[in-house]
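Chain and residue survey
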Amino acid sequence: MAKEIKLLGTWASPFSHRIELALKLKGLQFHYLEEDLSNKSQLLLQSNPVHRKIPVLIHNGNPISESLVIMEYIDETWQHQNPLLPKDPYARAVARFWAKFIDEKVINDVLWTAFKAYNDKGKEQEDAIEEFSQQLKFLEGELKGKEYFGGERFGFVDIAAFFILQFLTVLQEVKEAELMTEEKYPVLFEWMEKLQGNEVVAGCLPPREKHVAYVRARRAAAEEAASKTKAA
Amino acid sequence: MANELILLDTWVSPFGMRVRIALREKGIKFEYKEEDLTNKSDLLLKMNPIHKKIPVLIHNGKPVRESGIIVQYVDEVWHDKAPLLPSEPYPRAQARFWADFVDKKVFDAGRKVWVTKGEEQKSLMEEFIGHLKTLEAELGDEPYFGGEKMGYVDVTMVPIYSWFHAYEVSGNFSFESHCPKLVAWAKRCMQHDSVSKALPDPEKVYEYVLQLRKRLGIE
């Protein structure tokens, strides 16, 4: 039975963790395959020839890529346990909007900018962080007054957001920059603590120290590469 | 309860076109409001305070935002008329994947072409064509991405066809020579009223692009 569902992922990827959590919430057994992104498996390249990225879900031999697409697939295929999206079309549209917001605004537009500006402590990084904090404020505004983004129970948007924001706290520790503090975002922090206290959710998180060490090492490598480029 | 639908949009937006096509395919009546993006209406700012972008579909006073999300919403509410997404989960996932590809790769490279010039623009144009070829391979020998009928991916992708002429003139090439099957597919879609009514005159799009580049100081 476990062979029917395979998840290709990496231990540090927040996108990978989204799928892990979605599968666990549905009570599904699956076979997890850790990918080495510097040496991608044949299975990964065959299953996601277009993007060659993780996560990829393979169900009965059929591959699905893109974490939010995979989450919707899981929700539609295993409808009855722990629904991730609400039933009402308008509420679904709102949930999809916020999941997209997280992927486009929080991650793509801003976080990667701040992440790339590893070594530029100058204006570029300041601007990126300012922009970023505006996006987080929007996110917090959506959560205010609710238990979870999904309402009474956590759902699609909570899963989409949680691992990303968790990753931010790791990045914050490594960069020693104020990306996400409790003072600035009390509502988000309270929500994160609630989810960290949930056994299934916490079980999908990478070990903290290992994660910090990993991001720190990547930062050091990026610094070294940048200084070599400057010197050359 | 009366279904009141207002679409905030602009004539040239491929994102807005997606919504117009979806609504017309399903025979749904709506009120179209042209926005001036240099002077956004209070209604737009109220309905989409976060992105301040079109299209926004206002259904009985409630805003739905982001073109792909709007099309899915319309498909779910009016599910009995001309369904756009397949009914089974796996084909649905495939449709969503390819619509995401259209957004992240095709439209993104296509947009960047207009805000660059020289070598950078040339390389982006090549990237754009590369993505079109990937899509063409996905289409294969089917009449539409949706199979026998137009579906979610067709609606997501076809609006960019109205911009093809502008690309061809600017880049001095023809899409027909690079991806003939895709051009044939677009022409097939244009035979549908919902599509031909939504897509603007390619000459007008080209004029718009020239003005845009002037305004941005590129040309």
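Predicted, not measured: the structure shown is a model, and the values here were computed from it. (Residues numbered from 1 in each chain as written. Chains lettered and ligands numbered in written order. Predicted model: local features only at pLDDT ≥ 70, side-chain atom pairs only at ≥ 80, totals over all residues. Heavy atoms only, no water.)

Topic: helix H7 (residues 164-171) of chain B
Residue and element names in this part refer to chain B.
- Considered for burial, the residues of H7 that qualify are Phe 164, Ala 166 and Tyr 167. Down the axis, H7 shows its buried residues gathered within 160° of arc, on one side only.
- At its buried positions, H7 is contacted by helix H4 (89-114), helix H5 (118-139), helix H8 (175-178), helix H9 (180-190) and helix H11 (202-215).
- Taken from the residues just after H7, Asn 172 is the one with a positive phi, measuring 55°. (Buried < 20%, exposed > 50% of the residue type's maximum accessible area, 1.4 Å probe, protein only. Helix = DSSP H or I, 4+ residues; strand = E, 2+ residues; numbered from the N terminus. Arc of directions from axis to C-beta. Contact = heavy atoms within 4.5 Å.)

Some points on the confidence of the model for chain B
- For chain B, mean pLDDT is 96; residues scoring 70 or higher make up 99% of the total.
- Interface scoring of the predicted complex returns ipTM 0.96; its pTM is 0.95. (pLDDT = per-residue confidence, 0-100.)

Some words on the domain arrangement of chain A
All names here are of chain A.
- What the domain assignment lists for chain A is domain 1 (2-77) and domain 2 (89-209).
- Its C-alpha centre places domain 1 at a distance of 22 Å from the equivalent point of domain 2.
- Facing 13 residues of domain 1, the contacting portion of domain 2 comprises 19 residues.
- Looking only at domain 1, the three residues that lose the most surface to domain 2 are Arg 18, Leu 21 and Leu 68, adding up to 35% of its buried area.
- Across the domain 1-domain 2 interface, the total number found is 2 salt bridges.
- The residue Glu 72 makes a salt bridge to Arg 96 at a minimum N-O spacing of 2.8 Å.
- For the side of domain 1 that touches domain 2, the secondary-structure elements that each account for two or more residues are helix H1 (14-25) and helix H3 (67-77).
- Per element, the largest residue contribution to the side of domain 1 that touches domain 2 is 8 residues, and it comes from H1. (Domains from an automatic or database assignment. Buried area = accessible area lost by both parts, 1.4 Å probe. Salt bridge = Lys/Arg side-chain N within 4 Å of Asp/Glu carboxyl O.)

A short note on the UniProt feature "domain: GST N-terminal" (unreviewed entry) in chain B
- The feature "domain: GST N-terminal" (unreviewed entry), as annotated in UniProt, sits at residues 3-82 of chain B in this numbering.
- As annotated, residues 3-82 of chain B comprises 36% helix and 21% strand, and the C-alpha atoms at either end are separated by 18 Å. (UniProt positions renumbered as here; feature names shortened; annotations may be inferred.)

What about the nonpolar core?
- By size, the foremost hydrophobic cluster in this structure holds 133 residues, and its most contacted members are Trp191(A), Met157(B), Tyr167(B), Phe175(B) and Trp185(B).
- Two domains each put at least three residues into this core: domain 1 (2-77) and domain 2 (89-209) of chain A.
- Residues within four places of Trp191(A) in sequence aside, it is in contact with Leu143(A), Glu147(A), Tyr148(A), Phe149(A), Asp158(A), Ala161(A), Phe162(A) and Leu165(A). (Core = buried A, V, L, I, M, F, W, Y, C linked by side-chain atoms within 4.5 Å.)

Topic: the pairing of strand E4 (residues 62-65) of chain B
All names here are of chain B.
- Relative to E4, strand E3 (residues 56-59) runs antiparallel, the two being bridged by 4 bridges. Bridging across to E4, Ile 58 finds its partner in Pro 63.
- As consecutive antiparallel partners, E3 and E4 are separated by 2 residues, and within that stretch Asn 60 has a phi angle of approximately 50°, a positive value. (Pairing = 2+ DSSP bridges.)

Remarks on the UniProt feature "domain: GST C-terminal" (unreviewed entry) in chain B
- Mapped onto the present numbering, the UniProt feature "domain: GST C-terminal" (unreviewed entry) falls at residues 88-216 of chain B.
- Taken end to end, residues 88-216 of chain B comprises 75% helix and 0% strand; its first and last C-alpha atoms sit 45 Å apart.

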